[in-house]
Amino acid sequence: MAKNETLAKDATRSDVVESSPDVTVLPSAEPPPGLPRGIALSPSRASDFLSCPLLFRYRAIDRFPEKPSSAAARGSLVHSVLEDLFDLPAPARTLDAATELLMPAWERMVDRQPSLTFAVAAGSDRAVDAEGDQAQVDLDRPPNVSAKELARWIRGAEPLLRTYFNLEDPQHLEPASRELRIEVELADGPPLRGIVDRVDIAPNGLKRVVDYKTGRSPGEGFEQRAMFQMRFYALMLWRLHGSIPKRLQLIYLGDSQILHYDPSEQELLAFERTLRALWDAITKVAESGDWQPRPSRMCGWCDHHDRCPTKGGTIPNLPTDLNLIPKPVA
Ligand code: SF4
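Residues numbered from 1 in each chain as written. Predicted model: local features only at pLDDT ≥ 70, side-chain atom pairs only at ≥ 80, totals over all residues.

## Notes on the overall build of the chain
In step 1: Across its full length, the chain carries eleven helices and seven strands.
In step 2: Here the contacts in the chain between residues at least 6 apart in sequence split such that 74% fall between residues at least 24 apart. (Helix = DSSP H or I, 4+ residues; strand = E, 2+ residues; numbered from the N terminus. Contact = placed C-beta atoms within 7 Å.)

## What to know about the environment of Gly34
In step 1: Topologically, Gly34 is positioned in the loop between strand S2 (23–24) and helix H2 (43–51).
In step 2: Along the chain, Gly34 and Asp321 lie 287 residues apart, while their C-alpha atoms are 9.9 Å from each other.
In step 3: When sequence neighbours within four positions are dropped, the list of residues in contact with Gly34 reads Ala286, Glu287 and Gly289.

## Describing helix H11 (residues 265–288)
In step 1: Between the first and last C-alpha of H11 there are 35 Å, a value that for 24 residues agrees with the 34 Å anticipated at 1.5 Å per step.
In step 2: Regarding H11, the residues found buried are Trp279, Ile282 and Ala286.
In step 3: Looking at the packing, one finds that the buried side of H11 touches H2.
In step 4: The positive-phi residue at the C-terminal boundary of H11 is Gly289, with phi of around 75 degrees. (Expected span 1.5 Å × (residues − 1). Buried ≥ 20, exposed ≤ 12 C-beta atoms within 10 Å, placed from the backbone.)

## Considerations on the packing of H2 against helix H3 (residues 53–62)
In step 1: Orientation of H2 relative to H3, taken along the N-to-C sense of each, is 145 degrees, at an axis distance of 5 Å. Where H2 approaches H3, its residues Arg45, Asp48, Phe49 and Ser51 are matched on the opposing element by Pro53, Leu55, Phe56, Arg59 and Ala60.
In step 2: Looking at the contact of H2 with H3 residue by residue, the classes come out as five nonpolar, one polar and three charged. (Axes fitted to C-alpha atoms, helices over the stretch in contact; angles between N-to-C directions. Nonpolar A, V, L, I, M, F, W, Y, C, P; charged D, E, K, R; others polar.)

## Details of the site of the ligand
In step 1: Around the ligand, a shell composed of 14 residues is seen, among which Cys52, Pro293, Cys299, Cys302 and Cys308 lie nearest.
In step 2: Of the residues that constitute the shell around the ligand, the class distribution is nine nonpolar, three polar and two charged. (Near = placed C-beta within 6 Å.)

## Regarding the nonpolar core
In step 1: Core analysis: the biggest nonpolar cluster contains 61 residues, and Leu77, Val78, Val81, Val209, Met230, Tyr233 and Met236 have the highest contact counts within it.
In step 2: Per element, the largest residue contribution to this core is seven residues, and it comes from helix H10 (residues 228–241).
In step 3: Filtering out sequence-adjacent residues up to four positions away, Met230 remains in contact with Val209, Asp211, Leu248, Leu250 and Tyr261. (Core = buried A, V, L, I, M, F, W, Y, C linked by C-beta atoms within 7 Å.)

## Things to note about the pairing of strand S3 (residues 177–185)
In step 1: As paired elements, S3 and strand S4 (residues 191–201) share eight bridges and run antiparallel to each other. Of the residues in S4, the one forming a bridge with Glu183 is Arg193.
In step 2: The loop that links S3 with its antiparallel partner S4 comprises five residues; one of these, Asp188, has a positive phi angle of about 55 degrees. (Pairing = 2+ DSSP bridges.)

## Brief notes about helix H4 (residues 70–85)
In an α-helix, one turn spans 3.6 residues, which is why side chains three or four residues apart end up on the same side.
In step 1: Spanning 16 residues, H4 covers 22 Å between terminal C-alpha atoms, matching the ideal 22 Å at 1.5 Å per step.
In step 2: For H4, the complete set of buried residues consists of Ala73, Arg74, Leu77, Val78, His79, Val81, Leu82 and Leu85.
In step 3: Against the buried residues of H4 lie helix H5 (95–112), helix H6 (117–120), helix H8 (158–167), S4 and strand S5 (207–213).

## A closer look at the packing of H5 against H8
The packing of two helices is summarised by the inter-axis angle and the distance between the axes.
In step 1: The geometry of H5 relative to H8 is characterised by a closest axis approach of 10 Å and an angle of 150 degrees between their N-to-C directions. Considering how the two elements wind past one another, H5 and H8 form a crossing that is right-handed. Contacts between H5 and H8 involve Leu95, Ala98 and Thr99 on the former and, on the latter, Glu158, Leu161, Arg162 and Phe165.
In step 2: Residues that form the contact of H5 with H8 fall into these classes: four nonpolar, one polar and two charged. (Left-handed = near helix turned anticlockwise from the far one by under 90°.)

## Observations regarding unusual backbone geometry
Negative phi is the rule for most residues except glycine; trans is the rule for most peptide bonds.
In step 1: Of note, Glu179 is a non-glycine position whose phi angle comes to about 45 degrees, a positive value.
In step 2: Of note, Glu179 is situated in strand S3.
In step 3: For Glu179, a count of 15 C-beta atoms within 10 Å gives the class partly exposed.
In step 4: Of note, the phi angle at Ser256 is positive, near 55 degrees, even though the residue is not glycine.
In step 5: Positionally, Ser256 belongs in the loop between strand S6 (247–252) and strand S7 (257–261).
In step 6: Owing to 18 C-beta atoms within 10 Å, Ser256 belongs among the partly exposed residues under this scheme.

## Here we look at the confidence of the model for the chain
In step 1: Mean pLDDT for the chain: 84, with 83% of residues reaching 70 or above.
In step 2: Per-element mean pLDDT across the chain ranges from 30 in helix H1 (residues 9–12) up to 98 in H8.
In step 3: Taken together, the stretch residues 1–26 has pLDDT below 50 and engages in 52 contacts with residues farther than four places along the chain or on a different chain.
In step 4: Every residue in residues 125–135 scores below 50 in pLDDT, and together they form 17 contacts with partners more than four places removed in sequence or on other chains. (pLDDT = per-residue confidence, 0-100.)

The structure is reproduced here in structure tokens:
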């Protein structure tokens, strides 16, 4: 895997422009006992289960709402702008144009999810206070945020866009897909779901899967963990389209780094076995209903302290009708 490598822009330029079709091949099969209909494994939910099975339950089964953090909301905003940027004609894809897209993108996001304004309110990065207790908020009553406060918060995204333009020239890219939603069910295995930030297809047909990260790149020795999500997408695209993406690429806007990795068939087969084993573990716990908490540093970012016995909370009963739980977006 190579790090800190700038793109060879001409070599990776895609001349193929496609629409971004949603590819959905999930059958509406009965879910395993204890899991709601429509559930699928995504990179985020897989990582939730690995870090804390109870957190997985709250996010994937109960689907309790969570207070959006400033960092996550800003990340979503930058993703949205980098998607919108490619709607502009190539010569118009400048840093100034991207900066102009920030506010309209934010307004659209808040229209869809008003609770996002919690992310702008001061001190919203963590859901816990200085004593480690969780701040109680009513997600149905988003705070009022002044225009000045919002403008300052939006400006916080500008350095991330500047870094993007230092790493790539969007005037020389024509992505084949952006924000591509994919779902696929492995034969006799877990249903998988994910949203791929960008797929580029080179003139020779080779695919590159790109994911933007608004945080910092992982330290030495942690790159493999960072590639988990990309292998997940590569496996899904392989199973859907029959060809393995040539390159998986993570673009870290937090510290201007690029990680890339060219997966082999053998590695993806091994990864598929890992996902099957993980799904087996999830279905076993679901059948038993014994979703155990697993405290770690992640607890500091967890919104469910009042439902967690390790924090003095009480685990609520599982929903009685799992089929009534709405299908997740991702
Ligand atoms: S507080 Fe920690 S242990 Fe409890 S549910 Fe959240 S992540 Fe799991």
